[in-house]
Amino acid sequence: MSLKLSKIVSLMLLVSLLSSLAACQDNVDNTGDITTGSNTDDVTAPEEIELTSGVPDDVDLGGATVTVLNAPQYENFLTLMNAPEETGDTMNDAAYKRNIAVMDKLNVDLQILDYDYDKGAKDVYLRQLVLAGDRVFDFIVGTQHELVKVVPDGIYRDIMDLPYVDIDKPWWAAEYIQRANFGEDKRFFIAGDISVEFIRDIDCIYFNKTVYENYHGSRDELYDIVLEGKWTLDKLLEVTKDTYVDLNKNNTPDEEDAYGYGLIPPTIPDHLYYPAGAHTIIYENGEPTLDVVNERNVTITEKIYEIYYNGNGILYKNNDLVNQEVTIPTKFAADDFMFMFGLFYFSDFLREMKSDYGIIPHPKYDETQEEYKSLVHDGAPLVCIPVTTPDEDIDKVAAVIEEMAFQGYSIVTPEYYNVVLKQKYARDSSDKAMQILDMIRDSAFTDTGYVYNYAIDNVALLIRDLMNSGQTNLATAYAAKEASATTKLASLIEAYNELE
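Residues numbered from 1 in each chain as written. Predicted model: local features only at pLDDT ≥ 70, side-chain atom pairs only at ≥ 80, totals over all residues. Heavy atoms only, no water.

Visitor: Would you mind going over the pairing of strand 1 (residues 64–71) in detail, with residue names and values included?
Guide: When you tally the buried positions in strand 1, you get seven out of eight residues, the bulk of the element. Bridge count between strand 1 and strand 2 (residues 108–114): seven bridges; the pairing is parallel. Bridging from a neighbouring strand, N70 pairs with D114 of strand 2. In this fold, strand 1 hands off to helix 1 (residues 90–106), which returns the chain to strand 2; that crossover is right-handed. In this sheet, strand 3 (residues 139–143) lies alongside strand 1 in parallel orientation, the contact comprising four bridges. Bridge pairing links L69 to I140 in strand 3. (Buried < 20%, exposed > 50% of the residue type's maximum accessible area, 1.4 Å probe, protein only. Helix = DSSP H or I, 4+ residues; strand = E, 2+ residues; numbered from the N terminus. Pairing = 2+ DSSP bridges. Right-handed = clockwise from strand over helix to strand, strands pointing away.)

In structure tokens:
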């Protein structure tokens, strides 16, 4: 549906909050203060630098129509991109203002085409549509694990030199973009604040402050543990030890009882594995190479097995989306779990929770690991341009992509990150809590093998298979796939290098 053009007043709402969102900002001390010496009376605040879009103000697209295919991971996320009118909902209205701002500045008719989920798998639909030469949309904002499957089919344009777009700007996720593409001379995908779903797919852990206080005394102690660099896989096991309570008194651990946490195979193993320093692909002499079985990966796998099977405070649930998004959040909200593993968007499931909760990163492997890392889930949105978009339209499409990302950074992200996530859901506005949220957001990353997992025989998700089957032998699991994965990676790289 096309949106009506209207004048936007004050496009830079909440600008004072944007500095915390810069992906590559300078570090500050643990209090969040910038220090310049012992005489704080003479400290002069640094001069604010106005951030501007990469699209010059004089760019006028003359009322042209640009159509984007909006294809997020789940159908219920469609409204986070497409907002035909204001409804009073915080995120809908922010998206509406962003879209209007883009159209107003560029003099463009922005049309957002929501993906019809009745069409089935997005990768199959895109392959068929683009290879048939049908120009239904000009660019795509869609799910990572779906879009990357069809890279070898040559249906995307190389956008390494896309006009107006500078991925070092804070509204683009530079490190993530580099890892989502092979090498330095081609680029088919970019990602960032063009879709707030990118932030919502960053991993984190929720902790129930009431439950933690009952066991450990201080409801905010975990913040200090995190900031001191001591939040590790071993610490997770330590604080959840002896947390099982037989609430229904039937002498059998079941869903009616209380635990340290609940776990299921899908998604969660990824977010214990990669943030602890695991990897799937390394570069040797500039060439991507599989490196699945190494000392680090093996020891992390064994530690995750302990978390899954050797603790006494765990409710283990079957592989079921209902368990992930209903059963486990419900028990967490009912004070039956100390922790809930998930992503930022899991806070949507806690709106009615009575007890306070905090948000912290997934653990480091040990205290020698330099920093916390936050994996962006493989359902995160990527931006790409199909080959059906002709050369003569690339400039105007690029202008819309850049302006949507900039306005998303200026309007939508602050509403979600600073208002919805930091105020409405987390219920904790302390300096330490806010510092940790910023830390999680700023440490977002991915692994190249994780991005292209489904093209390399699923070897980047072996950790899921192992936890699902209750095993730890990564070498054995990989051996069964090594030949196939190596061949498929070579074919993928060859196809990638041949694309124009």
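Once you've had a look at it, read on.
Visitor: I'd love a proper account of helix 2 (residues 122–131), names of residues and values included.
Guide: What helix 2 keeps buried is the set K122, D123, Y125, L126, L129 and V130. Buried positions in helix 2, seen along its axis, are confined to an arc of 160° and lie on one side of it. Exposed and facing more than 90 degrees away from the buried side of helix 2 are Q128 and L131. G133 sits one or two residues past helix 2 and shows a positive phi near 85°. (Arc of directions from axis to C-beta.)

Visitor: Report on the packing of helix 10 (residues 295–310) against helix 15 (residues 462–469), specifying residues and quantitative values.
Guide: Where helix 10 meets helix 15, the closest approach of the two axes is 10 Å, and the angle between their N-to-C directions is 40°. In terms of orientation, helix 10 and helix 15 fall into the oblique class. Taken as a pair, helix 10 and helix 15 cross one another with a handedness that is right-handed. On the side of helix 10, the interface is formed by T301, I304, Y305, Y308 and Y309, while helix 15 contributes I463, L466, M467 and N468. Looking at the contact of helix 10 with helix 15, its residues break down into seven nonpolar, two polar and no charged. (Axes fitted to C-alpha atoms, helices over the stretch in contact; angles between N-to-C directions. Parallel < 35°, antiparallel > 145°, perpendicular 65-115°, else oblique. Left-handed = near helix turned anticlockwise from the far one by under 90°. Contact = heavy atoms within 4.5 Å. Nonpolar A, V, L, I, M, F, W, Y, C, P; charged D, E, K, R; others polar.)

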